[in-house]
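# Structural description and commentary
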Amino acid sequence: MTFVKYALLGGVALAAVTLNARAEDVDALNAKLEALELRLSQYEENATTAKAPSANVPSAMTMAKAPQILAPGEKLRPSDAAMANTISILPTADIVDGGEPGVPSSAAAQWTGHVKAALVYQSFEIGSTSTDSTHIVSNAELNLKAINDTAVGEVGVHVRFAAEADGHSLSDGGIDRAYGWWKMTPEMTLKAGYKNSIGGVGHGMDKCECHYTDIAGVVGGLEDDATQFEIRYASGPMELAVALEHRDFEDNVKRVGDVNDYVGYGQTYLMAAEAKWSGDSVSAEVSGYWGEMPVDTAATAPVAPSLLYTGDVDTYYDTAVDVWQIGAGASFGLDAFTISAAAGYGEVEGFGYWESSVLASVALSDSISAEAGAGYSKASDLADWTVMGVAGGVYWSPADKLTIGAEGSWKSESVADITIAEGMKADLVTVFKF
């Protein structure tokens, strides 16, 4: 009995100890659960009271390759890389009055460019004089682009730096294009700055790769960029644009022939316009420009050639002549083959002229392409002054960032069916893109 009594007492004591241990475990678990609930409530409180991030601290920033930023109406050139080094910020907060966060926005900045080098051989005959030469030439270009989505629409800029070298001679590198744009609505864009004219037709030989070859029949008339304001409307495949361009005709007008009857040239404004249609396989364009070119036909320079022409041409120049052109072009692509043609008629320095060109290009494989084209222009008012030429090339692009090609061209000028100049050019070109 004594043994049984002690055994029963021992069992009761063990059960009491076990129950006490389990109670302590439950108390510990309850304490941990309360701590977790407290931390969760603190997190929720911080999330509801947290302020929006500062505009100087973006919530997300990435750096990667992305398709090039293109302003409305802009197209990639053959020397441009399709993908660009891009820094994207999404979103940020614009700071408005009072320093409070404003409308969240996104931004992106890109840099692209290329370095070209070519071994060029050229031979020319002008009258009874002939010459030939061989050069190694180079060209470098850096493009900086940026866009920002703002409360009033997309705002973007494009600045381009360029320099050329031939032997030990290096041209002064500098900005050769700078403009910006504001997408006022999804369809309407304001562009302003120093850029190419919209008065030329971007078809025919204007679409050729032609890194260092001479070409003829490019329908444009205005060869250089100019400061301007442009309004562009785009809806689906259709684009309409009009621009006011400020031109210095001493440098920027493509003169018809070598005959030059004028001594001084002034500065004036041109109105340029274009209408485009861009489909999957067919694209077309009609464009043109019109203005007056003030000139001084006297034997001395103008009284104040540096002053802008403001409408009274007789103040500094003794006459003014119309300068205008209207042109059209179209391109058709079918699988790997594309053909493009353009033609235009106009007047410059009192002489009427017309010009035309055609270009055919084909993708021979994923990395090899070829093109060939011809151009023809004629000024009947200037003793049938005529320019004709052909150009072509074969290009190998094993990667998006590298192109190696062989090019050649031939060009002839004649007056009254008598050849006054003739030349050819051949080159081996390399293009390194970034």
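Summarised in this report is the structure supplied together with it. As the structure is a prediction and not an experimental result, all values here were calculated from the model.

To continue, consider the environment of Y269. Within the secondary structure layout, Y269 lies in strand β12 (residues 267–278). Measuring from C-alpha to C-alpha, the distance between Y269 and R247 comes to 5.9 Å, with 22 residues separating the pair along the chain.

All right, on to unusual backbone geometry then. Here the phi dihedral of A416 falls at roughly 55°; this positive angle occurs in a residue that is not glycine. Following the sequence through the fold, A416 ends up in the loop between β19 (402–415) and β20 (418–433).

Turning to the packing of aromatic side chains, a few remarks are in order. Here the structure, examined in full by the defined rule, presents 3 aromatic pairs. When the ring of Y179 is compared with that of W181, the centres are 6.1 Å apart and the planes differ by 45°; the resulting orientation is tilted. Taken individually, Y179 and W181 each receive the classification buried, so the pair is uniform in this respect. In this structure, K116 packs its charged tip against the face of Y212, placed 6.0 Å from the ring centre.

On to the side chain of H158. Take H158: it is sitting in strand β5 (residues 153–166). Polar side-chain contacts of H158 include one of 2.8 Å to the side chain of N143. Excluding its chain neighbours within four sequence positions, the residues that come into contact with H158 are E74, N143, L144, K145, R177, A178, Y179 and W181.

Let us look at the side chain of S106. Among the secondary structure elements, S106 is positioned in strand β3 (residues 101–126). In terms of polar contacts, S106 uses its side chain to reach the side chain of D149, at 2.6 Å. Discounting residues that sit within four places of it in the chain, S106 has contacts with I89, L90, I147, N148 and D149.

Under the criterion given, the structure shown has 1 disulfide. Across the disulfide, C208 is cross-linked to C210 (sulfur-sulfur distance 1.9 Å). Since a negative S-S torsion denotes a left-handed disulfide, the C208-C210 link at about -130° is left-handed. In this pair, the class of C208 matches that of C210, namely buried.

Let us look at the nonpolar core. Judged by nonpolar contacts, the single largest core of 16 residues is most densely connected at I198, Y289, V323, Y353, A379, L382 and W385. Elements with a minimum of two residues in this core: β10 (238–248), β12, β13 (282–296), β14 (319–334), β16 (351–363) and β18 (385–399).

Turning to the pairing of β5, a few remarks are in order. Here strand β4 (residues 129–150) runs beside β5; their pairing, made up of 14 bridges, is antiparallel. Bridged to A140 within β5 is A163. Counting the residues that bridge the hairpin from β4 to β5 gives 2 residues. As paired elements, β5 and strand β7 (residues 174–183) share 8 bridges and run antiparallel to each other. Considered in β7, the bridge of A162 is made with G174. For β5 and strand β6 (residues 169–170), the ladder comprises 2 bridges, and the chain directions are antiparallel. Along β6, the bridge assignment pairs D166 with S169. Hairpin remark: β5 followed by β6, antiparallel, with 2 residues in the connecting loop; positive phi at G167, about 65°.

Cut-offs and rules
- Residues numbered from 1 in each chain as written.
- Predicted model: local features only at pLDDT ≥ 70, side-chain atom pairs only at ≥ 80, totals over all residues.
- Heavy atoms only, no water.
- Helix = DSSP H or I, 4+ residues; strand = E, 2+ residues; numbered from the N terminus.
- Phe/Tyr/Trp six-rings, centres within 6.5 Å; stacked < 30°, edge-to-face > 60°.
- Buried < 20%, exposed > 50% of the residue type's maximum accessible area, 1.4 Å probe, protein only.
- Lys NZ or Arg CZ within 6 Å of the ring centre and 35° of its normal.
- Polar contact = N/O pair within 3.5 Å; in protein donor to acceptor, adjacent residues only side chain to side chain.
- Contact = heavy atoms within 4.5 Å.
- Disulfide = S-S within 2.5 Å.
- Core = buried A, V, L, I, M, F, W, Y, C linked by side-chain atoms within 4.5 Å.
- Pairing = 2+ DSSP bridges.

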